[in-house]
Amino acid sequence: MKKEANQYHGVVVPMVTPVDEQGRLDVAAVARIIDFFAENHVAPLLMGTTGEGNSVSQADGLQMVESAVKAAQGRILIYAGLTGNCFSEQIKQANSYTAAGADVIVATLPTYYALTPVQMENYYKALADAIESPLMIYNILATTHMSIPVDVIERLSHHPNIVGLKDSERDEERMAKCIAISKGRDDFAYFCGWAAKSALSLSLGGDGIVPSTGNFVPEMFNELYEAAIEGNMERANQLQEETDRIARIYQAGRTLGQSLAALKVMMGTKGLCEAWMLPPLSRLLEEEEKDIIRQVSLIS
């Protein structure tokens, strides 16, 4: 089982983006959530899928990074998500995040055009060459509607400025192949973005996990990670089942966007943020929010 040879490892939570009713970034909530994460030894991925990354303006994105870095006070790494279709703007945004203190840039594919494997590879090479911070590849078929081939990832893994892969694709065979690329290396890390397979990925030698439910129970995922790397898979699998049950409260029967609103409702029960969303997403109906709060009370 892989130990902590790579500097990029552990639990990286795809953090929600807290906003007020007018859609303005809630800087105080950012600080609360980051402190909550640091106390529980997990790092944030800012403006990923769970963080409504495609809906965050460039100005708010920079403020989000600045606020997170200030709150973290060097206790945890800051991973900053990068999305978009304009390459020159992506470079500017990535470099502004780096200047603000982000440690790693995590980039999805541009999504307007269907890309060939060659175009995917060239895109990441060009981005890695152009930005000033380490780059992590982010593969997420559910939202980009494209899957980065494993052989492309293997070649990209040898680029000196590409340090890892966050893979959210629901495919166990692919997971095993991607973990094999990173296994035994300290220059390329594998992070599992399929939360329900967190324990499995770690048992196979993955470096880290990226669970959205970690916004609510970061301590459980930190314990899951520690148990797995220590070889205590009985405890890791037990925690997997427990966190899966919690995840169903906000995910079951909902679209991805609705589940993110429900997750914010759950976080509100801990005083972390309000349930407002950025357009085109919206918060849930009052009765649905009340039911989520009721379900949370049963596990507290």
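Here, every reference points to the structure presented above.
Residues numbered from 1 in each chain as written. Predicted model: local features only at pLDDT ≥ 70, side-chain atom pairs only at ≥ 80, totals over all residues. Heavy atoms only, no water.

Things to note about the packing of helix H3 (residues 87–99) against helix H4 (residues 117–130)
Item 1. Interhelical geometry of H3 versus H4 gives an angle of 40° and a closest axis separation of 10 Å. Between H3 and H4, the interaxial angle falls into the category oblique. As for the relative orientation of H3 and H4, their crossing is right-handed in sense. In this structure, H3 contributes Phe 87, Gln 90, Ile 91 and Asn 95 to the contact, and H4 contributes Tyr 123, Ala 126, Leu 127 and Ala 130.
Item 2. Taken together, the residues that form the contact of H3 with H4 break down as six nonpolar, two polar and no charged. (Axes fitted to C-alpha atoms, helices over the stretch in contact; angles between N-to-C directions. Helix = DSSP H or I, 4+ residues; strand = E, 2+ residues; numbered from the N terminus. Parallel < 35°, antiparallel > 145°, perpendicular 65-115°, else oblique. Left-handed = near helix turned anticlockwise from the far one by under 90°. Contact = heavy atoms within 4.5 Å. Nonpolar A, V, L, I, M, F, W, Y, C, P; charged D, E, K, R; others polar.)

As for the sheet that holds strand E8 (residues 208–209)
Item 1. Overall, parallel pairing links the eight strands, which are arranged E1-E2-E3-E4-E5-E6-E7-E8 in a closed barrel.
Item 2. For strand E4 (residues 104–107) and strand E5 (residues 135–139), the ladder comprises three bridges, and the chain directions are parallel. When the bridges of E5 are listed, Ile 105 appears paired with Leu 135.
Item 3. Of the strands in this sheet, E5, strand E6 (162–167) and strand E7 (189–192) touch helix H7 (residues 172–182), which is tilted by about 150° from E7. (Pairing = 2+ DSSP bridges.)

Regarding the pairing of E4
Item 1. Residues Val 104 and Val 106 of E4 are buried on one face, and the alternating residues Ile 105 and Ala 107, pointing to the opposite face, are buried as well.
Item 2. The sheet contact formed by strand E3 (residues 79–82) and E4 spans four bridges and is parallel. Residue pairing in the sheet places Ala 80 in a bridge with Ile 105 of E4.
Item 3. Once the chain exits E3 it traverses H3 before rejoining the sheet at E4, and the crossover so formed is right-handed. (Buried < 20%, exposed > 50% of the residue type's maximum accessible area, 1.4 Å probe, protein only. Right-handed = clockwise from strand over helix to strand, strands pointing away.)

Structural notes on the nonpolar core
Item 1. Ranked by size, the top nonpolar core spans 105 residues in total, and within it Tyr 79, Tyr 124 and Leu 135 carry the most contacts.
Item 2. Apart from residues lying up to four places away in sequence, Tyr 79 is in contact with Tyr 8, His 9, Val 12, Ala 43, Pro 44, Leu 45, Leu 46, Val 104, Val 106, Met 136 and Phe 191. (Core = buried A, V, L, I, M, F, W, Y, C linked by side-chain atoms within 4.5 Å.)

Thoughts on the packing of aromatic side chains
Item 1. The final tally for this structure, using the stated rule, is six aromatic pairs.
Item 2. Judged by centre distance (6.4 Å) and plane angle (70°), the rings of Tyr 8 and Tyr 79 are edge-to-face. Pair noted here: Tyr 8 is in the segment before strand E1 (10–14) and Tyr 79 is in strand E3, with a separation of 71 residues, a long-range link. Across the pair, exposure class does not vary: Tyr 8 and Tyr 79 are buried alike.
Item 3. With a centroid separation of 4.9 Å and an interplanar angle of 85°, the aromatic rings of Tyr 112 and Tyr 113 are classed as edge-to-face.
Item 4. The class of Tyr 113 is exposed, set by a relative accessible area of 60%. (Phe/Tyr/Trp six-rings, centres within 6.5 Å; stacked < 30°, edge-to-face > 60°.)

So, helix H10 (residues 233–251)
Item 1. With 19 residues, H10 extends 25 Å between its outermost C-alpha atoms, agreeing within 8% with the 27 Å of an ideal straight helix rising 1.5 Å per residue.
Item 2. Every buried residue of H10 is accounted for by Met 233, Ala 236, Leu 239, Gln 240, Thr 243, Ile 246, Ala 247, Ile 249 and Tyr 250. The arc enclosing the buried residues of H10, seen along the axis, measures out at 165°, which places them on a common side. Exposed residues on H10 whose side chains face more than 90 degrees from its buried face are Glu 234 and Glu 241.
Item 3. Packed against the buried residues of H10 are helix H8 (198–203), helix H9 (218–229), helix H11 (256–268) and helix H12 (286–299).
Item 4. Immediately beyond the C-terminal end of H10, within one or two residues, lies Gly 253, with a positive phi of roughly 75°. (Expected span 1.5 Å × (residues − 1). Arc of directions from axis to C-beta.)

So, unusual backbone geometry
Item 1. At the junction of Pro 279 and Pro 280, the peptide bond is cis and its omega measures out at 10° in the coordinates.
Item 2. Its location among the elements puts Pro 280 in the loop between H11 and H12.
Item 3. Positive phi, normally seen in glycine, also occurs at Met 47, with a value near 60°.
Item 4. With respect to the helices and strands, the residue Met 47 is situated in the loop between strand E2 (43–46) and helix H2 (58–72).
Item 5. With a phi close to 65°, His 145 is a non-glycine residue in the positive phi region.
Item 6. Turning to its location among the elements, His 145 is positioned in the loop between helix H5 (141–144) and helix H6 (150–156).
Item 7. When its relative accessible area of 63% is taken as the criterion, His 145 is described as exposed.

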